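A look at the structure
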Amino acid sequence: MDMQSDFDRLLFFEHARKTAETAYATDPLDADNLTRWGGALLELSQFQSVNESKKMISDAISKLEEALEVNPQKHDAMWCLGNAYTSHGFLNPDEDEAKVYFDKAALCFHQAVDADPENELYQKSYEVSSKASELHAQIHKQGPIQPAMGPGPSTAATSTKGSKKKKSSDLKYDIFGWVILAVGLVAWVGFAKSNMPPPAHPPPR
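Now for a description of the structure that goes with this document. (Residues numbered from 1 in each chain as written. Predicted model: local features only at pLDDT ≥ 70, side-chain atom pairs only at ≥ 80, totals over all residues. Heavy atoms only, no water.)

**Remarks on the environment of R17**
The test is simple: Strands here are runs of E lasting at least two residues and helices are runs of H or I lasting at least four, both read from the DSSP assignment and numbered beginning at the N terminus. Residue burial is assigned from relative accessible area. The probe radius is 1.4 Å, only protein chains are included, and a residue is buried under 20% of its type maximum, exposed over 50%, and partly exposed in between. By definition, residues are in contact when any of their heavy atoms lie within 4.5 Å.
Topologically, R17 is positioned in helix α1 (residues 2–26). Residue class for R17 comes out buried when judged on its relative accessible area of 19%. Sequence separation of R17 and R36 is 19 residues, and the distance between their C-alpha atoms is 7.8 Å. Residues in contact with R17, not counting those within four places in the same chain, are W37, A40, L41 and L44.

Set out below in structure tokens:
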């Protein structure tokens, strides 16, 4: 079931990425489209190797920054950008370098809360961002993070080397699962608002 769920997510966000790329050629100043593109890239990064994931997250950051250049008050782009910085930080084993990304993420989350104070998701993101460095240290004690490739709930459930790793794996799921599912929800809602039908699921075999 997890494999099918991941495959569906992969299909959906790859379709979303291609749709956004096509729309960008027509209107490069559409902040909503740029935000959806960045969100789709961030989702797809979870299915790549570490190096490819970092490249894809960097591309997502670029698109989200573009969206904010067009509309500096676009709080969902600020929030997605914070998640992109957070993801990049957790993939970086160096604590000092990771902290730079976490600080950028916290600033983005703070700006998103300022722009939309009633949004509980933004508030939660800002709250969790203060614990990022501590969680980073705990996670990297267990070994390097590998994004999920193929089956598995998300980046979170990576190194599972027996029951001793279960607590660490659960912690990773809490962090990455929450971040990525939240980004996915925003991207999904964004595409629904743009009246783009989701891709049809392949028939069961």
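**Describing the pattern of salt bridges**
Just so we agree on the cut-off: A pairing counts as a salt bridge when a side-chain nitrogen of Lys or Arg comes within 4 Å of a carboxyl oxygen of Asp or Glu.
Scanning all chains against the criterion turns up eight salt bridges. Ionic pairing is found between D32 and K74, a salt bridge with its closest N-O pair at 2.5 Å. Pair noted here: D32 is in helix α2 (residues 31–44) and K74 is in the loop between α3 (50–70) and α4 (75–91), with a separation of 42 residues, a long-range link. The class for D32 is partly exposed, based on a relative accessible area of 40%. On the basis of relative accessible area, K74 is assigned to the buried category, the value being 10%. Ionic pairing is found between D103 and K99, a salt bridge with its closest N-O pair at 3.0 Å. With D103 and K99 both in helix α5 (residues 95–115), this residue pair falls four residues apart, about one helical turn.

**Describing the packing of aromatic side chains**
Using the following cut-off: In this scheme Phe, Tyr and Trp rings, the latter by its six-membered ring, pair at centre separations within 6.5 Å, and the angle between planes marks the pair as stacked below 30 degrees, edge-to-face above 60, and tilted otherwise.
Tallied over the full model, the rule gives five aromatic pairs. Consider the rings of F12 and F13, whose centres lie 4.8 Å apart with planes at 85°: the pair is edge-to-face. Note on F12: relative accessible area 4%, which makes it buried. On the basis of relative accessible area, F13 is assigned to the buried category, the value being 5%.

**Regarding the nonpolar core**
To keep it simple, the criterion reads: In plain words, nonpolar cores are sets of buried Ala, Val, Leu, Ile, Met, Phe, Trp, Tyr and Cys residues tied together by side-chain atoms within 4.5 Å.
Grouped together as the largest cluster of nonpolar side chains are 32 residues, with contacts concentrated most on I57, I61, W79, L81, A84 and Y85. The leading source of residues in this core is α4, at eight residues. Discounting chain neighbours no more than four positions away, the residues touching Y85 are I61, E65, Y101, K104, A105 and C108. Listed in part, the six residues of the second largest apolar core include A98, A132, L135 and I139.

**A look at the packing of α4 against α5**
Think of two packed helices as two axes; the pair is described by the angle between the axes and how far apart they sit. This is how the line gets drawn: Here an angle of 0 to 180 degrees is reported between the N-to-C directions of two axes, which are lines fitted to C-alpha atoms, with helices fitted over the stretch in contact. Oblique is the label for any angle not under 35 degrees, not over 145, and not in the 65 to 115 range, which are roughly parallel, roughly antiparallel and roughly perpendicular in turn. Note on convention: the crossing is left-handed when the near helix lies turned anticlockwise from the far helix by less than a right angle, right-handed when the turn is clockwise. Polar here means any residue outside two lists: the nonpolar Ala, Val, Leu, Ile, Met, Phe, Trp, Tyr, Cys and Pro, and the charged Asp, Glu, Lys and Arg; Gly therefore counts as polar.
Contact geometry for α4 and α5: axes closest at 8 Å, N-to-C directions at 160°. Compared by their axis directions, α4 and α5 come out roughly antiparallel. Of the two elements, α4 crosses α5, and the hand of that crossing is left-handed. Here α4 contributes H75, M78, W79, L81, G82, N83, Y85, T86, H88, G89 and F90 to the contact with α5, which in turn contributes A98, Y101, F102, K104, A105, C108, F109, Q111, A112 and A115. Tallied by class, residues from the contact of α4 with α5 come to 13 nonpolar, seven polar and one charged.

**A word on α2**
Applicable threshold: A helix is expected to reach a length of 1.5 Å times the quantity of its residues less one. Any N or O atom pair separated by 3.5 Å or less is treated as a polar contact, with the protein-specific requirement of one donor-capable and one acceptor-capable atom, and with residues adjacent in sequence counted only for side-chain atom pairs.
Here α2 contains 14 residues, and its C-alpha end-to-end distance of 20 Å stays within 8% of the 20 Å for a straight helix at 1.5 Å per residue. Most of α2 sits out of view: 13 of its 14 residues are buried. With a side-chain oxygen positioned 3.0 Å from the backbone nitrogen of D32, the residue opening α2 is D30.

**Section: the side chain of N92**
When you line up the elements, N92 lands in the loop between α4 and α5. We classify N92 as buried; its relative accessible area is 9%. When near neighbours in sequence (up to four residues on either side) are disregarded, N92 contacts K54, E97, A98, Y101, H136 and H140.

**A short note on a negative patch on the surface**
In plain terms, the rule: Like-charged residues are merged into a patch within 9 Å and nonpolar side chains (Val, Leu, Ile, Met, Phe, Trp, Tyr) within 5 Å, provided each residue has over 30% relative accessible area and no salt bridge. Reported accessibility uses the Shrake-Rupley method at a 1.4 Å probe radius. Residues are deemed covered only where the shown protein chains occlude them. Two residue types count as positive, namely Lys and Arg, and two as negative, namely Asp and Glu; His and chain ends fall outside the count. The atom standing in for a charge is NZ when the residue is Lys, CZ when it is Arg, CG when it is Asp and CD when it is Glu.
Taken together, the side chains of D94, E95, D96 and E97 make up a negatively charged region of the molecular surface. As for its position among the elements, D94 is in the loop between α4 and α5. Look at D94 and you get partly exposed, because its relative accessible area is 34%.

Shape descriptors only; they carry no functional weight alone.
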